[in-house]
Amino acid sequence: MIYRELKYQSYSIPAKAGISFNLMIPLYRRFQIKSGMMQDGVTVRDIKSRTSFKVKTTNTINMKRNLIFALLALMIISACKNERPSAYLFAYFVGNGPGEESIHFAVSTDGFNYRALNNNKPVLDNKKICTTGGVRDPHILRGADGKIFYMVATDLYVPKMGWSNYAMVLMKSTDLINWTSSVVNIPEVFPDKFGDVYRVWAPQTIYDEATGKYMIYFSMKQKSDPDKIYYAYANKDFTGLEAAPKQLYFPPEWSNNKACIDGDIIFKDSKYHLFHKAEDGQPGIKLAISDKLTEGYELVSADRVDCEKDPVEGSGIFKLNNSEDYVLMYDLYTKGGYQFTKSSNLKNFEVIDQEVSMNFHPRHGTIMPITETELKRLISEWGSYDDLLIGFKSDQLKKLNVSIDAGKRTIHLPVKRGAELTSLDPQIITFPGINFLPKGPQDFSKKHVTYTFTINNKQPVEFKVEISEDNNPVIEGYYADPDILYSEKTGKYYIYPTSDGFHNWGGYYFKVFSSDNLVDWKDEGIILDLKKEGDVTWADRNAWAPCIVEKKINGEYKYFYYYTAAQKIGVAVADNPTGPFIDKGEPLIAERPEGVKRGQVIDPDVFTDKNTNKSYLYWGNGFCMGAELSDDMISIKEETQTVINVDNTFREGSYMIYRNGIYYFMWSQDDTRSPNYCVRYGTTTSPLGKLNIPENNIVISKNEEAGIYATGHNSVLQIPGKDEWYIVYHRFTRPKGKNMGRSAGFHREICIDKLEFDTDGNIIKTIPTIKGIDPIK
């Protein structure tokens, strides 16, 4: 893939010519200037639009002026003929199973938020373009003339062939809709040199300005040799290769001749940057650079440029429109995820997953900038009322929780408490080519408002748009593992959560939210930042599952905040519920207890026994420990450490409460990525006593009818002076979570529902709700 930088040239016209000014001309096009004798002037030709001007002049000053006007005229003509890219096309496949190795398209208007076309079904028929029944690793490129598009893909059907294949598919189109295709079978076309090839993977195409040809590069494997990256030029019709492939990249000797696949080239700063998957250690993306397209690539560093520790492949690099930033994305193939990173120098990348959204699960693909006209054409062909490409901007909506039921032709808009329903404008935003009526504020106070949507020239369709005031989730955004506190000092309620939405639970800071009524919550900001110098010195990652306790010591309120960082438990202290918090300076608990071979040191819970005023800490994932805290509250009494005898349903998320002489110990079962994640409980007669586990001991679990899943990792609040209880928990983000796969496990949101007991003191199973609770008075 290759992009030109947007450069500007300043021309200065001397005053004696009668004109004096500086003119900035964006040279993002190729201009050919042919000089003749002074009396003949110069000819300026725009290579792309094939438009030319003869600039005649009698002196140098006049020639400069006329040349500028010629360039300006060319650019105006060119701008009329050629739109600048304003959107993006994502070509990808979705998996290794039957029917999953096909070409899919998605589109975006900003490079970060993508929506699948054609209901995430293939846009091309495998039977017409390949020989194996499967195509994967699609790479799409706009041609040098801006009018023709080229796409290449691996010809492989894994369910039948495993990982062995012999061919690639070459495709060409003038409109992104209709494609011609050819198959290049390497052993058949080049039997003498490559007759024993049994892998031909991940082709990509780049235009070679020096030769005026399209170079295709890909990896191949022969006999026992490792996979190597080769290249060859496509023929004029883009139906085959001109000559036998040559090796493009030669890894350094210290790599022990390990495999290299998934090459991806981008041009920047007069250099060709070859991103590729290297197998010289843990598989990841590395970078080699050359000043020539077909040779001389040298590895920049032995270190990976991707931001993962697990294996990744399928580099896809592209430049954002109207920006100096580049996005590198890749396939987390062992986890089923896809990561986006950003850089301005192609060397140092940062993860931006929290800025990215997709309503599909891609595998190895590429992204190409497209124009609005091209976007409209794609939507006209593959846009669907079954997956409306729309969004909402109104601040009165809980936008993450908007639900569109295409089958029923309904849209549900959850509004914030206090929204004016008689005159509400949802502020619908649409992709180009999609129109709707009515516009502006509408009266939603009765039942619903009917909106009519039109996709280009397709038959209009009506959707009934209804609104309700839903109090769950209680906090907008992705948060999890909530701990709730009522502060005697301030008379307010506080929630201390995990900051969620980071890939693989990669959050690094903690926030706190306050409320007077348990419904309206105020963001009080970050109270600990693992990456901020001075906050926490012993960890910088995985900020998870905090808890807090308020204690009055020597007449002064103190707040002891226990949290997980880098799979260790820390403690910080403050004089107020919102901080500032001062960390102890070292972990409170850093190791699993003696004899415990599995699990993680995470998920602390602090409990103060009202009967004795002693405080206890519980913790563990895969095991469950408890211990009495020392009087200083920042150390534990080692001799009191106790293994809590939970049954085999225990996973994590301990929580203890006391009511009417009974200690209730709660925990979460299953994995936070599972829709079946739930809370169970047992009872005991003392904070570290043996548990009695009832037969029916579920506290809260999924509500499939309401689309609520993975209700777990809870805390519990008692309203001061009352036998009134509430459970605070997280769930998958709704409604998208149930279809997000494993990433739903780090896209969670916090809810509150009523917790009730029967006359015998048993916990009545809570049914999680969308409406939530009413404000506490």
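Residues numbered from 1 in each chain as written. Predicted model: local features only at pLDDT ≥ 70, side-chain atom pairs only at ≥ 80, totals over all residues. Heavy atoms only, no water.

S.K.: Please explain the overall build of the protein chain as it appears in this structure.
M.R.: Looking only at helices and strands, one finds 6 helices and 53 strands in the protein chain. Relative to all contacts within the protein chain whose residues are 6 or more apart in sequence, the contacts with residues 24 or more apart total 51%. For the protein chain, the exposed surface amounts to about 33800 Å²; the carbon and sulfur share of it is 46%. (Helix = DSSP H or I, 4+ residues; strand = E, 2+ residues; numbered from the N terminus. Contact = heavy atoms within 4.5 Å. Areas by Shrake-Rupley, 256 points an atom, 1.4 Å probe, with all protein chains shown as cover.)

S.K.: Mind showing me how you'd approach the side chain of Asp387 here?
M.R.: Looking at the secondary structure, you find Asp387 in the loop between helix H6 (372-382) and strand E27 (390-392). Overall, Asp387 belongs to the buried group, its relative accessible area being 18%. Here the side chain of Asp387 touches Asn359 through a polar contact of 3.1 Å, side chain to side chain. Apart from residues no more than four positions distant in its own chain, Asp387 is found in contact with Arg115, Ala116, Asn119 and Asn359. (Buried < 20%, exposed > 50% of the residue type's maximum accessible area, 1.4 Å probe, protein only. Polar contact = N/O pair within 3.5 Å; in protein donor to acceptor, adjacent residues only side chain to side chain.)

S.K.: Looking at this model, I keep getting lost on the sheet that holds strand E24 (residues 350-351). Mind explaining?
M.R.: Sheet strands pair by backbone hydrogen bonding; their relative direction is either parallel or antiparallel. The strand order across the open sheet built from 4 strands is E21-E22-E23-E24, with neighbouring strands paired in antiparallel fashion. At either end of the open sheet lies a strand with only one pairing partner, and these are strand E21 (313-319) and E24. Where strand E23 (residues 337-343) lies against E24, 2 bridges are found, and the strand directions are antiparallel. By the bridge assignment, Thr341 is partnered in E24 with Val351. (Pairing = 2+ DSSP bridges.)

S.K.: How should the packing of aromatic side chains be read in this particular structure?
M.R.: Centre distance and the angle of the planes are the two values used to describe a pair of aromatic rings. Evaluated as defined, the whole model comprises 41 aromatic pairs. Taken together, a centroid distance of 5.2 Å and an interplanar angle of 85° make the contact between Tyr508 and Tyr509 edge-to-face. Classification of Tyr509 by relative accessible area gives buried; the value is 17%. Sitting over the ring of Phe436, Lys439 keeps its end group 3.6 Å from the ring centre. Over the ring of Phe757 we find Arg659, and its NZ or CZ is 4.2 Å from the ring centre. (Phe/Tyr/Trp six-rings, centres within 6.5 Å; stacked < 30°, edge-to-face > 60°. Lys NZ or Arg CZ within 6 Å of the ring centre and 35° of its normal.)

S.K.: Can you help me understand the pattern of salt bridges in this one?
M.R.: A side chain with one charge can pair with a side chain of the opposite charge if their charged atoms come near. Considering all chains together, one arrives at 28 salt bridges under this definition. Lys416 serves as the salt-bridge partner of Glu476, at 2.9 Å between the closest nitrogen and oxygen. With Glu476 in the loop between strand E33 (461-469) and strand E34 (479-486) and Lys416 in the loop between strand E29 (410-415) and strand E30 (428-430), the pair connects residues that are 60 residues apart, well separated along the chain. Judged by its relative accessible area of 41%, Glu476 falls in the partly exposed class. Several salt bridges converge on common partners, so that one network encompasses Lys277, Glu279, Glu313, Asp331 and Arg363. (Salt bridge = Lys/Arg side-chain N within 4 Å of Asp/Glu carboxyl O.)

S.K.: I tried to follow the side chain of Asp481 on my own but got confused; where do I start?
M.R.: For Asp481, the location among the structural elements is in strand E34. Of the side chains with opposite charge, Arg748 lies nearest to the buried Asp481, which makes no salt bridge, at 4.0 Å. A polar atom in the side chain of Asp481 sits 2.7 Å from the side chain of Thr498. Ignoring sequence-local partners within four residues, the contact set of Asp481 consists of Tyr496, Pro497, Thr498, Ala545, Pro546, His713, His730 and Arg748. (Lys, Arg positive; Asp, Glu negative; His and termini not counted.)

S.K.: Even after reading the chapter, I still don't get unusual backbone geometry, so can you show me in this structure?
M.R.: Working note: non-glycine residues mostly have negative phi, and peptide bonds are mostly trans. Here the residue pair Leu437 and Pro438 is connected by a cis peptide bond, since its omega of 0° sits within 30 degrees of zero. Positionally, Pro438 belongs in the loop between strand E31 (434-437) and strand E32 (449-455). Of the consecutive residues Gly579 and Pro580, the connecting peptide bond is found in the cis state with omega at 10°. Despite not being glycine, Gln427 has its phi angle at roughly 55°, a positive value. Structurally, the position occupied by Gln427 is in the loop between E29 and E30.

S.K.: What is the right way to look at the pairing of strand E51 (residues 725-732) in this model?
M.R.: Working note: regular strand, side chains alternate between the two faces of the sheet. Within E51, 8 of the 8 residues are buried, leaving the element largely enclosed by the surrounding structure. Where strand E50 (residues 712-718) meets E51, 5 bridges bridge the pair, whose relative direction is antiparallel. When the sheet's bridge partners are listed, Val716 is paired in E51 with Ile727. The turn joining E50 and E51, which pair antiparallel and follow one another in sequence, is formed by 6 residues; a positive phi near 80° is taken by Gly721. Two elements, E51 and strand E52 (residues 748-757), share 8 bridges in a ladder whose sense is antiparallel. What sits directly across from Trp725, in E52, is Leu755.

S.K.: What should I look at first to understand the sheet that holds strand E19 (residues 284-290) in this one?
M.R.: Taken together, 4 strands build an open sheet; the order of strands is E17-E18-E19-E20 and the sheet is antiparallel. Of all strands in the sheet, those with a lone pairing partner are strand E17 (260-268) and strand E20 (298-299), marking the two edges. In this structure, E19 lies alongside E20, joined through 2 bridges in antiparallel fashion. Residue pairing across strands places Ile289 opposite Glu298, the latter belonging to E20.

S.K.: What am I meant to see in the confidence of the model for the protein chain here?
M.R.: If pLDDT is low for a region, its predicted coordinates should not be looked at in detail. On average, the protein chain scores 91 in pLDDT, and the residues at 70 or more come to 89%. pLDDT under 50 marks residues 1-40. Its contacts with residues more than four places away, or in other chains, come to 108 contacts. (pLDDT = per-residue confidence, 0-100.)

S.K.: What is the right way to read H6 from this model?
M.R.: For H6, the full list of buried residues reads Glu374, Leu375, Leu378, Ile379 and Trp382. Relative to the axis of H6, the buried residues are bounded by an arc of 135° and lie together on one face. (Arc of directions from axis to C-beta.)

S.K.: Would you take a moment to explain the environment of His448 for this structure?
M.R.: Within the secondary structure layout, His448 lies in the loop between E31 and E32. Separated by 38 residues in sequence, His448 and Thr410 have C-alpha atoms that sit 9.6 Å apart.

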